[in-house]
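Coordinate inspection notes
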Protein chains: 2
Amino acid sequence: MLDCVIVGSGVAGISAALTLQANGKSFLLFGTPSLSEKIEKAELIRNYPGLSQVSGKEFCAALQKQLQDAKIEIKNEKVAGVYALNDKFTLLTQEGNTYESRTVILACGVESIKQIEGETEFVGRGVSYCATCDGFLYKGKTIAVVCTTKRLEHEIEHLASFAEKVYLIPMYKDVAVDYKNVTIIKKMPIKIDGQARVEKLAFTAPPAPDIPAELPVHGVFMLRDSVSPSVLMGGLETKEGHVVIQRDTSTNIKGCFAAGDCTGRPYQYAKAVGEGNVAAHSVTLYLR
Amino acid sequence: MLDCVIVGSGVAGISAALTLQANGKSFLLFGTPSLSEKIEKAELIRNYPGLSQVSGKEFCAALQKQLQDAKIEIKNEKVAGVYALNDKFTLLTQEGNTYESRTVILACGVESIKQIEGETEFVGRGVSYCATCDGFLYKGKTIAVVCTTKRLEHEIEHLASFAEKVYLIPMYKDVAVDYKNVTIIKKMPIKIDGQARVEKLAFTAPPAPDIPAELPVHGVFMLRDSVSPSVLMGGLETKEGHVVIQRDTSTNIKGCFAAGDCTGRPYQYAKAVGEGNVAAHSVTLYLR
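Just so it is clear, the structure is predicted and the values come from calculations on it, not from any experiment.

So, unusual backbone geometry
Backbone phi values are negative for most residues with the exception of glycine, while trans is the configuration of most peptide bonds. Residues and elements named next belong to chain A. With an omega dihedral of -5°, the bond running from Arg265 to Pro266 counts as a cis peptide bond. Of note in this structure, Lys71 is not a glycine but carries a positive phi near 55°. By secondary structure assignment, the location of Lys71 is in the loop between helix H3 (56-69) and strand E3 (74-75). Judged by its relative accessible area of 74%, Lys71 is exposed.

Digging into the interface of chain B and chain A
In this complex, chain B contributes 30 residues to the contact, which on the side of chain A involves 30 residues. Contact between chain B and chain A buries roughly 2500 Å² in total, counting both sides, with carbon and sulfur atoms accounting for 57%. Among the residues of chain B in contact with chain A, Pro49(B), Gln66(B) and Arg247(B) are the three that bury the most area, contributing 25% of the side total. At the boundary of chain B with chain A, the tally comes to two salt bridges.

Overview of the pattern of salt bridges
If the charged atoms of two oppositely charged side chains come close together, the side chains can form a pair. Residues and elements named next belong to chain A. As enumerated under the stated definition, the model contains 24 salt bridges over all chains in all. For the salt bridge of Glu37 with Lys41, the shortest nitrogen-to-oxygen distance reads 3.1 Å. With a gap of four residues between them, Glu37 and Lys41 both fall in helix H2 (residues 37-41), about one helical turn apart. Judged by its relative accessible area of 63%, Lys41 is exposed. Through salt bridges that share partners, Glu37, Lys41 and Arg151 make up one connected network.

Re the sheet that holds strand E10 (residues 182-184) of chain A
Residues and elements named next belong to chain A. If you walk across this open sheet you meet the five strands as E7-E14-E8-E9-E10, and the pairing is parallel. What marks the edges here is a single partner per strand, and that holds for strand E7 (127-128) and E10. Inspection of the sheet shows strand E8 (residues 142-147) paired to strand E14 (residues 219-223) by five bridges, in the parallel sense. By the bridge assignment, Val146 is partnered in E14 with Met222. Here helix H5 (residues 153-162) sits on the sheet in contact with E8, strand E9 (165-170), E10 and E14, set at roughly 175° to E8.

A few points about the packing of aromatic side chains
This structure, assessed with the given rule, holds eleven aromatic pairs over all chains. Here Tyr48(A) and Tyr48(B) contribute two aromatic rings whose centre-to-centre distance is 5.6 Å and whose plane-to-plane angle is 20°, an arrangement assigned as stacked. Placement of the pair is Tyr48(A) in the loop between H2 and H3 and Tyr48(B) in the loop between helix H2 (37-40) and helix H3 (56-69), with the two residues belonging to separate chains. On the basis of an interplanar angle of 80° and a centroid distance of 5.4 Å, the ring pair of Tyr138(B) and Phe221(B) is categorised as edge-to-face. In this pair, Tyr138(B) is assigned in the loop between helix H4 (131-134) and strand E8 (142-147) and Phe221(B) in strand E14 (residues 219-223), connecting sequence segments 83 residues apart. The burial state of Tyr138(B) is the same as that of Phe221(B); both residues are buried. Pairwise contacts between aromatic rings join Tyr48(A), Phe59(A), Tyr269(A), Tyr48(B), Phe59(B) and Tyr269(B) into one cluster. Above the plane of the ring of Tyr267(A) lies Lys38(A), whose end atom (NZ or CZ) is 5.8 Å from the centre. Above the plane of the ring of Tyr167(B) lies Lys165(B), whose end atom (NZ or CZ) is 5.3 Å from the centre.

Procedures and definitions
- Residues numbered from 1 in each chain as written.
- Chains lettered and ligands numbered in written order.
- Predicted model: local features only at pLDDT ≥ 70, side-chain atom pairs only at ≥ 80, totals over all residues.
- Heavy atoms only, no water.
- Helix = DSSP H or I, 4+ residues; strand = E, 2+ residues; numbered from the N terminus.
- Buried < 20%, exposed > 50% of the residue type's maximum accessible area, 1.4 Å probe, protein only.
- Contact = heavy atoms within 4.5 Å.
- Buried area = accessible area lost by both parts, 1.4 Å probe.
- Salt bridge = Lys/Arg side-chain N within 4 Å of Asp/Glu carboxyl O.
- Pairing = 2+ DSSP bridges.
- Axes fitted to C-alpha atoms, helices over the stretch in contact; angles between N-to-C directions.
- Phe/Tyr/Trp six-rings, centres within 6.5 Å; stacked < 30°, edge-to-face > 60°.
- Lys NZ or Arg CZ within 6 Å of the ring centre and 35° of its normal.

Nothing here speaks to function; it is geometry throughout.
The structure is reproduced here in structure tokens:
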């Protein structure tokens, strides 16, 4: 059993990892080797103490070097869910692995992309965030895929191998998907609708001559870099999309802490780094 | 009128300054050109994201360069007190200057030195933290001076020029004070005592053959790098020596925010940097 699992490899997660290591705790840091698309894309960081006027790329490189120096590895698996049970947590990844831990630090960032109406309502009833987990459920069916980043394009291939028909709504440039059963739609839907389950995706107007404004689909996949914390962990108290935390970064779930953008504004590196540090200290106190 | 005054040039104060500047606010950053003795003396910093295994000296140098790059100057005056009146603050320095500001960020660090019994009780009634402010009050009198750092040795000279007799209790090595009317005591006192005002300084036993365990003095000067926030600002809510703040770093005094070690544990650079950043954002919101 691990002391802690950290969900997210942005600066909040990295800060927590460095401090948990300094405190001699066992942990896994879940994220991507590139750390964070948000950091990478930052043009110029002017107000992070200690690094004067660095680019996002330089900041990322410095963090990667630091993790290497500290021999902290990034567990490159996508977290599908975290379940609290009997004073421990079970973390499931989209790769199908499970991990057990006494505590959790959620540092999963914040959705910069607005949710679509009906999205939260239909989670588990046709709306999915995980191609690997749920793709096979749509064998021979019609699905829509809203993909926010080129990095997740490979998941579309996976979905296209199961579904009979895929409507892809990409939110990035240079789309490089070319499967016979994938049709690209260049308009954003406004609503996911249905009765017991998802039945259709609605647009303000027909997005293409041969596609109706109310497109019948069996499921909608939202492929995003970060999944909202309340989707990751049921029962987590959130307010306006942010995890509610105390000054010690504790959430309403015992043993679960949160840090960084997912806890609210300001969305700043310094703030995220601070909360990650505090979360690691709070975990250490909690484990005593 | 300034938008903000920042008290303290440790990482919390610097973080606040960088972000206030990014937000286009006018401010003064009060501190010392060496920034912080605590940072300078740190052997190895292992858990500050972005800087892998730096020494305190290297961290200090990086911060100084960053302030230079950003053209932020340190106002090298010691803050004697901050007074809230009619939605503005007046800051007094030991150098005798006053500054007016709409908000304050207290980032004055934490006393690593335990208070002496009676110290807070007799503030303003014989206990002083400011040689320049109060030295002349003890012309021809007997005083004790508890000095925690060599950096403040020059203030002893100032006191010795007024007082008839000075008992110096240094808390550092290499004492280089050599005035006829200064006697060095190498034991720590346990209590400051008196009726209406300070009358004596008590030791567990006579600290020297010719010095009694209950030493009669008219005043006690505590020369420290950082003054406790509740001494700096009357009416400030503190708990166990720390300023009580909310998640947005606001204190019980409207327009007064606090960040860094003065708000409590963990005493960590990352946490201080985070709170400094949040304080600057809260000031910006407050000023709207």
